[in-house]
Amino acid sequence: MILCHSTISSFNPCLSKSETGIGKSTMMNTLFNTMFENEEASHYERDVQLRPETYELRESNVNLKLTVVQTVGFGDQINKEDSFKPILDYIDTQFEKYLEEELKIKRSLFNYHDTRIHICLYFIAPNGHSLKSLDLVTMKKLDSKVVNIIPIIAKSDTVNRSELDKLKIKIMSELVSNGVQIYQFPTEDEAVAEINSSMNTHLPFAVVGSVDDVKVGNKLVKARMYPWGSVQVENESHCDFVKLREMLLRVNMEDLREQTHARHYELYRRCKLEEMGFKDTGPDSQSYFALPPLI
Ligand code: GDP
């Protein structure tokens, strides 16, 4: 799983699911055309660890402060029951920090380094005929209430086209029948309605990652080389990498931020303030805050 947030434009993705070795680091390096520092993780981590790393990048002429959070060791433990908890806690902690800033008498939200998670890229293993129960449980815990989820099938070059098509259909139907709400590319704005509604039908994106430049014809392209040929990362007939990059970094980055603030954070804020004893009341729709009870 990869969680991301960003400032300036900040953008904060989280890469999740995915036992070690599913291709998270390679995908991040491919997406941002950079080499993120990465300590190799073992398959035997005792706990799930959230590793945030912040980088300053330039993407489509925009300076981007990007924090990538990898969920190291997720799915590697023998007992996977509580694997999702550290991820939920991490997401909540970032909301908590923002709320603390918002509640200060002298707040400085305009230059606050916002670490709230804007997107969770949930990596699904390509082998197998459906989602694992751990995937369903985790995505259910994370879904619309907490974070924007985009499911992706990793290492999609390792399965053939017809199996991949079947896997995509199966995953979507399992998500629907289990009530997991993934992020839908918004279709209200006319400017992006067509592309977004078409892209919604391609989910989950089946991606391939590689940072190797390979000569194809007289061009250097990112690809994975095999004895029988190459799988080109940016060739849309080979995989959905370009679709993922376009949707994430060009077309919908602003919406992902907005959804995080207006939907996920608002829900967190409301629950938290109610817990603290704040109330909105008043028959005349005038809202006021009740003071929290004195203990
Ligand atoms: P992580 O532990 O999830 O961060 O996984 P890595 O990115 O370190 O990748 C683990 C291994 O999978 C490496 O040998 C990569 O070269 C390989 N790998 C990464 N992405 C792909 C892919 O799209 N297809 C294939 N076939 N192998 C990949």
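Just so it is clear, the structure is predicted and the values come from calculations on it, not from any experiment.

The rules we used
- Residues numbered from 1 in each chain as written.
- Predicted model: local features only at pLDDT ≥ 70, side-chain atom pairs only at ≥ 80, totals over all residues.
- Heavy atoms only, no water.
- Helix = DSSP H or I, 4+ residues; strand = E, 2+ residues; numbered from the N terminus.
- Expected span 1.5 Å × (residues − 1).
- Buried < 20%, exposed > 50% of the residue type's maximum accessible area, 1.4 Å probe, protein only.
- Arc of directions from axis to C-beta.
- Pairing = 2+ DSSP bridges.
- Near = heavy atom within 4 Å.
- Polar contact = N/O pair within 3.5 Å; in protein donor to acceptor, adjacent residues only side chain to side chain.
- Areas by Shrake-Rupley, 256 points an atom, 1.4 Å probe, with all protein chains shown as cover.
- Contact = heavy atoms within 4.5 Å.
- Core = buried A, V, L, I, M, F, W, Y, C linked by side-chain atoms within 4.5 Å.
- Axes fitted to C-alpha atoms, helices over the stretch in contact; angles between N-to-C directions.

1. Here we look at helix α4 (residues 161–177)
- Between its first and last C-alpha atoms α4 spans 24 Å; for 17 residues at 1.5 Å apiece the expected length is 24 Å, and the two agree.
- Every buried residue of α4 is listed here: Leu164, Leu167, Lys168, Ile171, Glu174 and Leu175. The arc that holds the buried residues of α4, viewed along the axis, is 140°, so those residues lie on one side. Opposite the buried face of α4, by more than 90 degrees, sit the exposed residues Lys166, Ile169, Val176 and Ser177.

2. With respect to the pairing of strand β8 (residues 213–216)
- With four bridges connecting them, β8 and strand β9 (residues 219–226) associate as antiparallel partners. For Asp213, the partnering residue across the bridge sits in β9 and is Lys222.
- Hairpin connection, β8 to β9: the antiparallel pair is bridged by two residues, and Gly217 has positive phi, about 65°.

3. Here we look at the site of the ligand
- Taken together, 14 residues lie around the ligand, and Gly21, Ser25, Thr26, Asp157 and Gly209 are the ones closest in.
- Note that a nitrogen atom of the ligand is positioned 2.7 Å from one of the side-chain N or O atoms of Asp157.
- Interatomic distance of 3.2 Å between a side-chain N/O atom of Tyr226 and a nitrogen atom of the ligand.
- Its free accessible area being 590 Å², the ligand has 72% of it covered by the protein chains.
- Where the shell around the ligand is concerned, the elements lending two or more residues are α1 (24–31) and β9.
- Element by element, the count of residues in the shell around the ligand is highest for α1, at three residues.

4. Looking at helix α5 (residues 190–200)
- What α5 keeps buried is the set Val192, Ala193, Asn196, Met199 and Asn200. Down the axis of α5, the sector holding all buried residues measures 145°, keeping them to one side. Projecting away from the buried face of α5 at angles above 90 degrees are the exposed residues Glu190 and Glu194.
- Buried residues along α5 sit in contact with β7 (205–206) and α6 (241–251).
- One side-chain oxygen at the N-terminal end of α5 lies 2.9 Å from the backbone nitrogen of Ala191; it belongs to Asp189.

5. Some remarks on the nonpolar core
- Residues Leu31, Leu121, Ile150, Phe205, Leu244 and Leu248 are the most contacted members of the largest nonpolar core, which totals 68 residues.
- Ranked by residue count, the leading element in this core is helix α2 (residues 85–102), at seven residues.
- Not counting chain neighbours up to four residues away, the residues in contact with Leu244 comprise Met27, Leu31, Leu121, Ile150, Ile152, Phe205 and Val207.

6. Topic: the sheet that holds β8
- Sheet architecture is open: three strands sit in the order β8-β9-β10, paired in antiparallel fashion. Each end of this open sheet is capped by a strand with a single partner; those strands are β8 and β10 (229–232). For this sheet the average axis-to-axis angle between neighbouring strands, irrespective of direction, equals 70°.

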